[in-house]
Amino acid sequence: MKKYAYLFLLLVFLLTTLATTAQPDDDLLAPPEVVGEVVYIPFPVAITLDGDLDDWAGVPVITVERGTMTSDDPANNGAFSFAVASDGELFYITMESVDANIVTGQHGRDFWNEDSLEFYLNLSEDLAVSAYTSAIFQININPGDIGNSDPAVLTITGTNSGSAQVRAYVFETGDGWGFEAALPLPFTPEHGQEIGLQAHANGSVAGEGRDVKLIWSLADSTDTSWQNPSVFGRGIFFEVGRTDIPQPGAATESTPEPEAEAMAEYVIRVNQVGYFPWGIKIAVYPTEAEVDVPVEWALVAVDDGARVETGLTQPSLRDRASGDIVNLIDFSAFTTPGTYQLQAGDAYSAPFEIGDDIYRQLTHDALAYFYHNRTGIPIEAQYVGETWARPAGHVTDNNVTCFKGVDNTGREWPGCDYTLDASGGWYDAGDFGKYVVNGGISVWTLLNLYEFDPEAFGDGSLSIPENTNDVPDILDEARWEMNFLLGMQVPPGQPQAGMAHHKLHGVRWEGLPMLPPTEWDNDNAHANPAGGRYLMPPSTAATLNLAASAAQCARLWQPYDAEFAARCLQAAEIAWQAAQDNPVFLYGNIPGEGGGPYDDSNVQDEFYWAAVELYLTTGDTQYYDRLKASPYFQNGGWQPGKESAMYWGDVAILGTLSLALHHDTLPEADSQIVRDQISRIADGYLNIIEGEGYRVPMPVTGYSWGSNSGVLNNALVMAYAHRLTGDERYLDGVIQSMDYVLGRNGLNFSFVSGYGTHSMMHPHHRFWAGEPANGFPFPPPGVVAGGPNANPSDPAAQVPQVAGQPTSRRYIDHRDSYSTNEVTINWNAPLAWVAAYLHGNH
Ligand code: 9MR
């Protein structure tokens, strides 16, 4: 042993001596690369960003011919080269692709799918991290920008590329094309300082999709740099003139843990917030193997350790959605308020309350989400506290014109001759987009909460600027979005007058984190193809969303502001007519970048919903005839196979629920249909709950994007069934839905920020990005994450520890996971609704 240790030390000594005394090549400003592992970045080197590479003399050039897909034709994507340098402030990179036949502009903004060059930088302190954080960048530069004259105007794509401040010139070379780029470094480099570095070339030889992928870093053997920065190589800054050659250090590990691990100490899964004294109380105890023998459990008071109740678990079953073998603990019979834990053998649950007030604060916090996310108004500390205050965002939405140009399907949009005042409204989600289709269901949910219980959120009940104006605060909050929806209507005299623009957003996704900008260059003159924020084309779906919510608005504001109510009614009727005249404007995903698609190919549900709201407001029989003629009237807006009662693209049941509120004004036979259908649908959810190990009204097939909103919306329907029938089983169903969301689930995790022992902290949200030192707070309490997604589509979730799990565990509390951990208005709205319902129900 001793001998080997000695030999090893000798070897280390020899290697170190060799390394530190080797001289860089005389002509070069830095040592040559350690192939596929280390590139030395000489500094300071005076380089001018101008597309001319004369000032790069002496900077080592690295040539790459390897990758996961190589080319048979050396002249066509056979190789690429790159070089890197710094002047001490900027990082410079030049890349060139050998590319006789340049293929570009064939795949919209999916530039990675044709000829393009990519470089990757990990400028964070953690070079071992396996998911993107804000200081890690993927920059794709494409030959469509060849000849660009303004280095700041580029069609760059890639993770965080929007925030990297890259400038570049793209040019042709003798045998292909290349670029010279620069971006600011967030630090002043020192000799030996390391960053993560990667370079890729994408190539299309056959002229269709990508058939070549060349990769510099050897660690990236399967082309995963776009989602996993730990496979980058290293860049090491090398001070020009130095003779010692710094060696790469070992990276420090900080891979985020999947959520399932973090609660290992609390094995028994409970609603981590609590249970009502009077309500059903079920916990889930997962075990390693199926047990035939029931296990004894105890309810333990946290303050004195007293075992206040004991019982036996119910027989185990395998929960398909999580893969867990679960045993149920039913402690409903225990009704004494207090703080408790459950115990079974060595296993404990997280502590929780039994009490009447468990949802009082959540109800308000869930509604505060909307003020927090208002656009066009400063978010003031007096309402939200210093931590979450911020300046007004996108006040320039008051003057915005139509998108003009080619979308990602190649279709050309002409623009328009007007601008609209589309100010106000809430940001949709973690992004800065505002979308009429999603605004519609969200406004409906808040207004419906008001209509369901008009007393619940009176003036002074919410922490918002309008809380002394004699109008119920929930109406004030909804009006903020209603104003935006009204602002999206195409003016008279214009093509498609009366329709609503589908959405309003930029043409590229902004970086994260990012404070919502107060002023934004909307580019109404269409001078900058890579910038701007535009009205996207009108659609039938958006128009009917406007018709429905404006009709609801007219009905509810009548007693408070008759003028506003009249304005809403007029907009609703005009929109209804415009939708009849233009029933098949079905697109939504335009231009295909910079905003969510929200495309909806079936608008019959929107027609039904809008007809209902217009009928309830006007009493006009034309609307009644129309709604009765819809198949959605007969089936309540739900047919077997639908996992969620509603979502932004399927709004039929909203009509049925609104009718239910006014069922006593309908002919008796119709009233009966409405009530029967709601009970039938709710019965379906009760059945699903019985079959699910975690007692959730969501079948194993239902874990799609935003699955938590599916659970909450199904709960909302059960709440209606409870209200209409008085049957307590439906109330149990609502309680159980909330139990799932707040921790009794396959992840042992509360999806609502600030609620529960272990709860969501890192949402995909540009402002709540969790970097307090940089002015980006963690989320306020009461924000619900989208939740498990069977088909996650973001790099943070597309890792085996997440995507390889059973469906209800495909979730990660990571801010880059937009497909599992984004937060949005149409998910917080049912959270608020259900919390309010439960809170008001004792
Ligand atoms: O909620 C939307 C979900 O139903 C879609 O499957 C998904 C992909 O199109 O988009 C979701 O909505 C996002 C929107 O596109 C952009 N803003 C954030 C929304 C929530 O993730």
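About the criteria used
Residues numbered from 1 in each chain as written. Predicted model: local features only at pLDDT ≥ 70, side-chain atom pairs only at ≥ 80, totals over all residues. Heavy atoms only, no water. 1 Å grid on protein atoms, 1.4 Å probe; cavity = no way out; pocket = protein on both sides within 12 Å on 5 of 7 lines; lining within 4 Å. Points joined across faces, edges and corners; volume = space filled by probe spheres on them. Nonpolar A, V, L, I, M, F, W, Y, C, P; charged D, E, K, R; others polar. Buried < 20%, exposed > 50% of the residue type's maximum accessible area, 1.4 Å probe, protein only. Helix = DSSP H or I, 4+ residues; strand = E, 2+ residues; numbered from the N terminus. Pairing = 2+ DSSP bridges. Near = heavy atom within 4 Å. Polar contact = N/O pair within 3.5 Å; in protein donor to acceptor, adjacent residues only side chain to side chain. Areas by Shrake-Rupley, 256 points an atom, 1.4 Å probe, with all protein chains shown as cover. Salt bridge = Lys/Arg side-chain N within 4 Å of Asp/Glu carboxyl O. Core = buried A, V, L, I, M, F, W, Y, C linked by side-chain atoms within 4.5 Å. Contact = heavy atoms within 4.5 Å.

Attention shifts here to the layout of surface pockets. The computed volume of the second largest pocket comes to approximately 630 Å³. Per-class residue counts for the lining of the second largest pocket are 8 nonpolar, 14 polar and 6 charged.

Consecutive side chains of a regular strand alternate in pointing toward one face of the sheet and then the other. A large share of strand E6 (residues 116-122) lies buried, amounting to 7 of its 7 residues. Where burial is concerned, the two faces of E6 agree: the one with Ser 116, Glu 118, Tyr 120 and Asn 122 and the one with Leu 117, Phe 119 and Leu 121 are both buried. Bridge analysis of E6 against strand E10 (residues 194-203) gives 7 bridges, and the strand direction is antiparallel. Along E10, the bridge assignment pairs Tyr 120 with Gln 198. The sheet contact formed by E6 and strand E7 (residues 136-141) spans 6 bridges and is antiparallel. Paired with Leu 117 across the bridge in E7 is Ile 141.

Neighbouring residues of the ligand: Asp 428, Ala 429, Asp 431, Tyr 435, Gly 596, Pro 597, Tyr 598, Trp 648, Trp 705, Glu 822 and Trp 827. In this structure, a nitrogen atom belonging to the ligand sits 3.0 Å away from a side-chain N or O atom of Asp 428. Taking Trp 705, its side chain carries an N or O atom lying 3.0 Å from an oxygen atom of the ligand. If the ligand stood free it would expose 460 Å²; the protein chains cover 83% of that surface. Taken together, the residues of the shell around the ligand break down into 7 nonpolar, 1 polar and 3 charged.

This paragraph deals with the pattern of salt bridges. Where charged atoms from two side chains of opposite charge approach closely, those side chains can pair. The tally for this structure, following the rule as stated, stands at 25 salt bridges. Ionic pairing is found between Glu 118 and Lys 213, a salt bridge with its closest N-O pair at 3.4 Å. A residue pair is termed long-range when its members are at least 10 positions apart, and Glu 118 in strand E6 and Lys 213 in strand E11 (residues 212-215) qualify at 95 residues. We note that Glu 118, like Lys 213, is buried. A salt bridge links Arg 307 to Glu 296; its shortest N-O distance comes to 3.6 Å.

Bringing the nonpolar core into the picture now. Grouped together as the largest cluster of nonpolar side chains are 160 residues, with contacts concentrated most on Met 482 and Met 738. With 12 residues, the single largest contributor to this core is helix H7 (residues 540-557). Other than its neighbours up to four places away in sequence, Met 482 contacts Val 443, Leu 546, Ser 549, Ala 550, Cys 553, Phe 564 and Cys 568. By size, the runner-up hydrophobic cluster in this structure holds 38 residues, among which are Phe 82, Leu 154, Ala 181 and Val 212.

Nothing here speaks to function; it is all geometry.
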